[in-house]
Amino acid sequence: MAHKKGAGSTRNGRDSQPKRLGVKLYGGQYAISGNIIVRQHGTHFHAGENVRVGRDDTLYSVADGIVHFNTVRGLKVVHVLPLTITK
C-alpha cells in the first residue's frame, strides 16, 4: 500500500456527530413529569427540587410545574416548582 495519498486528496473529512446538548426547557416554561430540562456532559447544572439526574447527567423533571433556574453558593441549580391552585 502507498504511504502517500494520490494528488489532490485531503487528510480531513472526519467529524463526530453533533450531540445536541444544552437547555431544552427554559425558566418560566411548563414541564410535565419526565420532560428533559438540560442535556449536558458533566454537572454544569445541578438538580434541585423535583428534578433528577440521569445516567448521562441529563436533568429531567419528576413532577409537573414551572422550570426555575437559580444560583446557590456558586452552583447553577434547576428546580421544577409545582403550580399552586388558589381558591
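Residues numbered from 1 in each chain as written. Predicted model: local features only at pLDDT ≥ 70, side-chain atom pairs only at ≥ 80, totals over all residues. Heavy atoms only, no water.

*Asks:* I'm lost on the environment of R39 in this one. Help?
*Replies:* Assignment of secondary structure puts R39 in strand β3 (residues 36-39). Distance from R39 to R20, taken between C-alpha atoms, is 7.7 Å for residues 19 residues apart in sequence. The residues touching R39, leaving out its near neighbours within four places in the chain, are K19, R20, L21, G22, K24, D56 and T58. Among the polar contacts made by the side chain of R39, one reaches the side chain of D56 at a distance of 2.9 Å. A distance of 3.2 Å separates polar atoms of two side chains, one belonging to R39 and the other to T58. (Helix = DSSP H or I, 4+ residues; strand = E, 2+ residues; numbered from the N terminus. Contact = heavy atoms within 4.5 Å. Polar contact = N/O pair within 3.5 Å; in protein donor to acceptor, adjacent residues only side chain to side chain.)

*Asks:* What is the right way to read the sheet that holds strand β6 (residues 59-61) from this model?
*Replies:* Think of a sheet as strands paired side by side through backbone hydrogen bonds, with each pair either parallel or antiparallel. Taken in spatial order, the four strands make up an open sheet running β1-β3-β6-β5, and their pairing is antiparallel. Each of the sheet's edge strands pairs with one partner strand only, and the pair in question is β1 (22-23) and β5 (51-53). Here β5 runs beside β6; their pairing, made up of three bridges, is antiparallel. Looking across to β6, one finds that V53 is bridged to L59. (Pairing = 2+ DSSP bridges.)

*Asks:* Before we go on, may I ask you to explain the pattern of salt bridges in this structure?
*Replies:* If charged atoms from side chains of opposite charge come close, those side chains can pair. Tallying each qualifying case throughout the model produces one salt bridge. A salt bridge links R39 to D56, with the shortest nitrogen-to-oxygen separation between them at 2.9 Å. In this pair, R39 is assigned in strand β3 and D56 in the loop between β5 and β6, connecting sequence segments 17 residues apart. Accessibility expressed as a relative area gives 26% for R39, which makes it partly exposed. Take D56: its relative accessible area is 38%, and that puts it in the partly exposed class. (Salt bridge = Lys/Arg side-chain N within 4 Å of Asp/Glu carboxyl O. Buried < 20%, exposed > 50% of the residue type's maximum accessible area, 1.4 Å probe, protein only.)

*Asks:* Sorry, what's going on with the sheet that holds strand β2 (residues 30-31) here?
*Replies:* The four strands lie next to each other as β2-β7-β8-β4, forming an open sheet whose pairing is mixed. The sheet terminates laterally at β2 and β4 (45-47), the two strands that pair on one side only. Of the strand pairs in this sheet, β2 and strand β7 (residues 65-72) are connected by two bridges, and their pairing is antiparallel. Looking at the pairing, Y30 lines up with I66 of β7.

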